[in-house]
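A look at the structure
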Amino acid sequence: MYLTEFAKAVPGLRAVGVEPDPDGYRAAVGLVERTGMAERVRLVNASATDFLRDPPPECRPDLIVLGYVLQEILAQEGEEAVLDLLRDVVARFPRINVVVIEVSDEIGNPAVMRHGVARNFWNPYFLIHYFTRQRLARKAYWDELFRRAGLTVAGFTSTDPHIDSSGIELGYLLRGPDYH
């Protein structure tokens, strides 16, 4: 979905989407076809780690979007796998822009968890993560991990407070060391 929206907003943009789940991949293919973006958005059924370990030779991105991906790798493969993935991306594409969207682990923060949106959405969201093998982390953890991976935080945001003022969603624009 992100890629079709980016393609609509940026004429001429070509994108590759990577989805590990076969059902999610099929749903994404259907969405890309329904939006008329099949010529500009190519999809691959693989994990982000596998794809980025050995991308096709023609893959020379300016931007990589990791939406709720790192929390899965962190839980299933560990912190070193996340660092390796990010370092590999920076080594292969030193001028890369990386957009990371994650959720801050605020389940132990009563002030946040009593928030209206948290009671109606985030509380069950956090609960389900104990069953889905995803590991949420707080903002300070991600900041330090990105620094250790050799990325610079060029921008940070959270959800528009008119939509969700809990501040739980984290949005990063990261850049490799050769970005000017």
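Our structure is the block above this text.
For clarity, every value in this text was computed on a predicted model and none was experimentally measured. (Residues numbered from 1 in each chain as written. Predicted model: local features only at pLDDT ≥ 70, side-chain atom pairs only at ≥ 80, totals over all residues. Heavy atoms only, no water.)

Next up on the list: the packing of aromatic side chains. A full pass over the atoms with the stated rule returns nine aromatic pairs. Plain terms: the ring middles of Phe-121 and Trp-122 are 4.8 Å apart, the flat faces sit at 75° to each other, and that makes the pair edge-to-face. In this structure Phe-121 comes out as partly exposed when scored by relative accessible area, which is 43%. On the numbers, 5.5 Å between centres and 80° between planes, the contact of Tyr-141 with Trp-142 is edge-to-face. Residue placement shows Lys-139 over the ring face of Phe-156; its charged tip is 4.5 Å from the ring centre. (Phe/Tyr/Trp six-rings, centres within 6.5 Å; stacked < 30°, edge-to-face > 60°. Buried < 20%, exposed > 50% of the residue type's maximum accessible area, 1.4 Å probe, protein only. Lys NZ or Arg CZ within 6 Å of the ring centre and 35° of its normal.)

Here we come to helix 7 (residues 116-129). The end-to-end C-alpha separation of helix 7 is 20 Å, in line with the 20 Å expected for 14 residues at 1.5 Å each. Within helix 7, the axis deviates most sharply at Trp-122, by approximately 45°, and proline Pro-124 lies no more than four positions further along. Looking only at helix 7, the buried set comprises Ala-118, Trp-122, Tyr-125, Phe-126 and His-129. Where helix 7 is buried, its residues contact helix 4 (70-77), strand 4 (97-103), helix 6 (110-113) and strand 6 (169-175). (Helix = DSSP H or I, 4+ residues; strand = E, 2+ residues; numbered from the N terminus. Expected span 1.5 Å × (residues − 1). Bend = angle between axes of the 7 residues up to and from the residue. Contact = heavy atoms within 4.5 Å.)

Take the nonpolar core next. One finds Leu-70, Leu-86, Val-98, Val-100, Trp-142, Phe-146 and Leu-151 to be the most contacted residues of the largest nonpolar core, which totals 30 residues. Going through the elements one at a time, helix 3 (48-53), strand 3 (63-67), helix 4, helix 5 (79-92), strand 4, helix 8 (139-148) and strand 6 are the ones with two or more residues in this core. Looking at this core element by element, the count peaks at seven residues for helix 5. Among residues more than four places away in sequence, those in contact with Val-100 are Leu-66, Leu-70, Phe-146, Leu-170, Gly-171, Tyr-172 and Leu-174. Counting nine residues, the second-largest nonpolar core is a separate cluster that includes Met-113, Ala-118, Phe-126 and Ile-168. (Core = buried A, V, L, I, M, F, W, Y, C linked by side-chain atoms within 4.5 Å.)

Inspection of the secondary structure assignment puts Glu-106 in the loop between strand 4 and helix 6. Separated by 2.7 Å, the side chains of Glu-106 and Ser-104 make a polar contact. (Polar contact = N/O pair within 3.5 Å; in protein donor to acceptor, adjacent residues only side chain to side chain.)

Let us look at the sheet that holds strand 5 (residues 152-157). If you trace the four strands from one edge of the open sheet to the other, you get 3-4-6-5, paired in mixed fashion. Among the strands making up the open sheet, the edge pair consists of strand 3 and strand 5. Across this sheet, the average inter-strand angle for adjacent strands is 20°, counted without regard to direction. Sheet topology places strand 3 next to strand 4; five bridges connect them, and they run parallel. Within strand 4, the residue paired with Ile-64 across the bridge is Val-98. Where helix 8 meets the sheet, its contacts fall on strand 4, strand 5 and strand 6, and the angle it forms with strand 6 comes to roughly 15°. (Pairing = 2+ DSSP bridges. Axes fitted to C-alpha atoms, helices over the stretch in contact; angles between N-to-C directions.)

Attention now goes to a nonpolar patch on the surface. Nonpolar side chains collect at one region of the surface, where Ile-107, Leu-127, Tyr-130 and Phe-131 lie side by side and expose about 480 Å² of accessible area between them. Following the sequence through the fold, Leu-127 ends up in helix 7. (Patch = residues over 30% accessible without salt bridge, like charges linked within 9 Å, V, L, I, M, F, W, Y side chains within 5 Å. Areas by Shrake-Rupley, 256 points an atom, 1.4 Å probe, with all protein chains shown as cover. Salt bridge = Lys/Arg side-chain N within 4 Å of Asp/Glu carboxyl O.)

Moving on: the environment of Ile-96. Position of Ile-96 relative to the elements: it lies in the loop between helix 5 and strand 4. Sequence-distant contacts of Ile-96, that is, excluding residues within four places in its chain, are made with Pro-61, Asp-62, Leu-63, Ile-64, Val-89, Leu-174, Arg-175, Gly-176 and Tyr-179.

For the rest of this paragraph, the subject is the pattern of salt bridges. Under the counting rule described, the total for this entry stands at seven salt bridges. Put simply, Asp-23 and Arg-26 hold a salt bridge, and the shortest N to O gap is 2.3 Å. On the criterion of helical spacing, the pair formed by Asp-23 and Arg-26 is a turn pair, its members being three residues apart in helix 2 (residues 22-34). The exposure class assigned to Arg-26 is exposed, which follows from its relative accessible area of 51%.

Turning to its location among the elements, His-129 is positioned in helix 7. Since its relative accessible area comes to 8%, His-129 is described here as buried. Within the local environment of His-129, its side chain forms a polar contact with the backbone oxygen of Tyr-125, the two atoms lying 2.6 Å apart. With residues up to four places along the chain from it excluded, the contact list for His-129 reads Gln-71, Gln-134 and Leu-136.

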